[in-house]
Each structure stands twice: as C-alpha cells, then as structure tokens.
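Structural overview for review
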Amino acid sequence: MSERSVSKRTEQKRWYTVQAPEQFDREVLGKTPADEPDKVLGRTIETTLGELTNDASENNTKLTFKINEVASDSAYTEFIRHELTRDYLRSLVRRGSSKVEAYITVLTTDDYRVQVQPVAVTTKKADASQEKAIRRTMIDLVRETAKDRTFEELVDSVVEGRLSSAIYGGAKDIYPLRRVEIKKTTLEARPEEVAAEEETAVDVDEEDVDVEA
C-alpha cells in the first residue's frame, strides 16, 4: 500500500471524545479514532478513580468502561468493571494476618447481574471459624445491599466506599480487622441478557417435562 493511500485512510478517520457515564459526571476519558461510528462501539477504556476525581490518593482504584453509544463526535460509555491494583492489595496484608475473600453474584433491582469480590484483612491470624463467620457476613451484607439498589446505586456504594465500610462495621466484632475493601466488581449481564437467559432456562425446563396423554 502506498504512503498516499495510508495517508488518505488516516485523514478519513474521525476522532471521538469518549465520556464516562452520567454517574461519573460525563468526565472525558480520552479520544478514539475510527472511520465509521459502528467501529467505536464495544471498545473499552481504562482509567483510575483518581484521574476522574483529580485525587491522587484514589489512583489505586481502576475503572473500566465500554462504549455503548455514539452520537456525532461523542462516544458514551457504560461501567463494566472496578478493580483495586495488585500493589495496593499486597500492601494491606501483613505477616501474621489473615485475608478473607468472597465471590458474590447478585441481581440489582433493575436486573443487572454483578459479581462483587470483597476482601477483609485481619490484624492478626484468625482461626477457620472466625474466617468463615467474616465471609458469611460479607456475603450477607453484599446481597442485602444489592437487593435494594439499582445497578448505578450499587456501583456508587462500591466506588465511594460505603459497602466496604458496612462490611467492616458488621464484621469487626467477629475478629479485629485491619481493612475491608471491595477487591473487584464486574458487570456480568445486562437486563436484556438476564431476561434472555431466563427465557432459555424456561424453554429447557418445559422440554424436560413429560406430558401424559
């Protein structure tokens, strides 16, 4: 391909300004090029909470967004993942302490399926029964939080630290805790995907039912 044709293709590309969802105040995440709007859809962009809030202390929180709409020269996104950096997580665990983790999949009031991964770090070594009780408390509080909240409200409670604070308050009497964090939050399925899965499950169940003449 000649340099002229490459240059022409580059000139034909349009730059789209990528914006965070409204719950993150439509902050600009960057720009992305494409020769057709449809080619922008589905692209992901990663940033930190610190970059969005201009607070360097929040740079240990990574946020990932996915472009789901394009209008004019703007590309709009949806939240798909929140995750703490490995270095920060390693810094929480000290020798002689225990790390308790849980993986909880929940459905919000507006039918988004989300996996939430809390982690609690104790001040000293906890025994198995104490770890089990802490994990049970984490699971119960995450489920309780999700059942009364929309997807956006659940994400806010994670990002703003309210969910981790609630877990800390609920589990600290089981064994002294050094820190509780939400290690990772992932959007697993949107409402239309959840509905399609449920419809498929119903179809399978009906096929398995024996109908007597």
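Procedures and definitions
Numbering of residues starts from 1 in every chain and runs along the sequence as written. A pLDDT threshold of at least 70 governs which residues receive local features in this predicted model, and a stricter bar of 80 or more applies before side-chain atom pairs are shown or counted, although totals over entire chains, interfaces and linings include all residues. Only hydrogens and water are set aside when side-chain values are computed; all heavy atoms of the structure are taken into account. To form a nonpolar core, buried Ala, Val, Leu, Ile, Met, Phe, Trp, Tyr and Cys residues must be joined to one another through side-chain atoms within 4.5 Å. Under the scheme applied here, a residue whose accessible area is under 20% of the maximum for its type counts as buried, over 50% as exposed, and between as partly exposed, the area being computed with a 1.4 Å probe on protein chains only. Put simply, DSSP H or I for four residues or longer makes a helix, DSSP E for two residues or longer makes a strand, and each gets a number counted from the N terminus. Note that the domain bounds were set by an automatic or database domain assignment. A contact between two residues is defined here by any heavy atoms of the two lying within 4.5 Å. Counting rule for charge: Lys and Arg are taken as positive, Asp and Glu as negative, and neither His nor the chain ends is counted. Salt bridges are defined as contacts in which a side-chain nitrogen from Lys or Arg sits within 4 Å of a carboxyl oxygen from Asp or Glu.

- You'll find the chain entered in an unreviewed UniProt entry as Small ribosomal subunit protein eS1, with Haloarcula vallismortis ATCC 29715 given as the organism.

Concerning the nonpolar core
- Core analysis: the largest hydrophobic core is formed by 42 residues, its most contacted members being Phe 24, Leu 63, Val 106, Ile 134 and Ile 167.
- In terms of residue count, the dominant contributor to this core is helix α4 (residues 128-147) (six residues).
- Both domains that meet at this core, namely domain 1 (14-83) and domain 2 (86-192), each give it at least three residues.
- Other than its neighbours up to four places away in sequence, Leu 63 contacts Phe 24, Ile 45, Glu 46, Thr 47, Thr 48, Leu 49, Leu 52, Phe 79, Arg 81, His 82 and Val 159.
- Judged by nonpolar contacts, the second largest core, of six residues, contains Leu 84, Leu 89, Val 119 and Val 121.

What about helix α5 (residues 151-159)?
- Across the nine residues of α5, seven count as buried, placing the element largely inside the fold.
- When α5 is considered as a whole, its buried residues turn out to be Phe 151, Leu 154, Val 155, Asp 156, Ser 157, Val 158 and Val 159.
- Taken from the residues just after α5, Gly 161 is the one with a positive phi, measuring 85°.

Some details on the side chain of Glu 131
- Looking at the element boundaries, Glu 131 is found in helix α4.
- Buried within the structure, Glu 131 lacks any salt-bridge partner; its nearest side chain of opposite charge belongs to Lys 125, at an N-O separation of 4.3 Å.
- Setting aside residues no more than four positions away along its own chain, Glu 131 makes contact with Ser 98, Val 100, Lys 125 and Ala 126.

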